[in-house]
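Below are the chains, spelled out letter by letter.
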Amino acid sequence: MKELLTKYREVVSYLVFGGLTTVVNFVVYFVCTSGMGINYLVANAISWAAAVAFAYITNRTWVFKSKVKGFSAIMRQISTFVGCRLLSGVMDMAIMFISVDIIGIPDSVAKFITQVVVVVLNYVFSKLIIFRK
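What counts and what doesn't
- Residues numbered from 1 in each chain as written.
- Predicted model: local features only at pLDDT ≥ 70, side-chain atom pairs only at ≥ 80, totals over all residues.
- Heavy atoms only, no water.
- Phe/Tyr/Trp six-rings, centres within 6.5 Å; stacked < 30°, edge-to-face > 60°.
- Helix = DSSP H or I, 4+ residues; strand = E, 2+ residues; numbered from the N terminus.
- Buried < 20%, exposed > 50% of the residue type's maximum accessible area, 1.4 Å probe, protein only.
- Axes fitted to C-alpha atoms, helices over the stretch in contact; angles between N-to-C directions.
- Left-handed = near helix turned anticlockwise from the far one by under 90°.
- Contact = heavy atoms within 4.5 Å.
- Nonpolar A, V, L, I, M, F, W, Y, C, P; charged D, E, K, R; others polar.
- Core = buried A, V, L, I, M, F, W, Y, C linked by side-chain atoms within 4.5 Å.
- Lys, Arg positive; Asp, Glu negative; His and termini not counted.
- Salt bridge = Lys/Arg side-chain N within 4 Å of Asp/Glu carboxyl O.
- Polar contact = N/O pair within 3.5 Å; in protein donor to acceptor, adjacent residues only side chain to side chain.

So, on to the packing of aromatic side chains. For the structure shown, the criterion picks out 10 aromatic pairs. With a centroid separation of 6.3 Å and an interplanar angle of 55°, the aromatic rings of Tyr 14 and Phe 64 are classed as tilted. On the criterion of sequence distance, the pair formed by Tyr 14 in helix α2 (residues 9-35) and Phe 64 in the loop between α3 (40-63) and α4 (71-103) is long-range, its members being 50 residues apart. For Tyr 14, a relative accessible area of 5% corresponds to the buried category.

Laid out in structure tokens, this is it:
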């Protein structure tokens, strides 16, 4: 078991922190919609921003163990991270809108569906573009 965890450390840590990022996303989303009565698309944007901030810190520090140093290099990495997350965020918003407003799926179900797509897409972006070795 230890050998498997060592071999797949990056994937396992991404799943753990991706799961925690999803929790941040859901908690902020449901606090905004249920607790504060905010429109689901606005709440989705707010929860996305909170999740992106959390994900950058955890991905940089624990998942991909980025060694990038220096202000300009870190800013470039943050810009790339946010740019890729914007792309997946647009997909998230589009899937939410289509699922809820066009198909009629409850927003809580649509939110779950979007998170599965987004987690996979974000791993690919992070591995191949943002934190590539």
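What follows continues from the structure just given.
Contact geometry of α2 with helix α5 (residues 107-130) gives a least axis separation of 10 Å together with a crossing angle of 145°. Between α2 and α5 lies a crossing of right-handed hand. Side by side, α2 and α5 meet where Glu 10, Val 11, Tyr 14, Thr 22, Asn 25, Phe 26, Tyr 29 and Phe 30 of the first sit next to Asp 107, Ser 108, Lys 111, Phe 112, Gln 115, Val 119, Asn 122, Tyr 123 and Lys 127 of the second. Residue composition of the contact of α2 with α5, grouped by class: eight nonpolar, five polar and four charged.

What follows concerns the nonpolar core. Generally speaking, a soluble globular protein has its nonpolar side chains buried in company with each other. Membership of the largest hydrophobic core comes to 13 residues, with the highest contact counts inside it found for Tyr 14, Val 63, Phe 64, Phe 81, Ile 130 and Phe 131. When contributions to this core are tallied by element, the ones reaching two or more residues are α2, α3, α4 and α5. Considering each element in turn, this core owes the most residues, four residues, to α3. Ignoring anything within four residues of it in the chain, the contact list for Phe 64 reads Glu 10, Tyr 14, Asn 59, Tyr 123, Ser 126, Lys 127, Phe 131 and Lys 133. Counting residues in each nonpolar core, the second largest holds seven residues, with Cys 32, Tyr 40, Ala 43 and Val 100 among its members.

Attention now moves to the side chain of Arg 60. Tracing the chain through its elements places Arg 60 in helix α3. We note that Arg 60 is buried and unpaired, the nearest opposite charge coming from Glu 10 at a distance of 13 Å. Within polar-contact distance, the side chain of Arg 60 engages the side chain of Gln 77 at 2.7 Å.

Everything listed is a geometric property; what it means functionally is a separate question.
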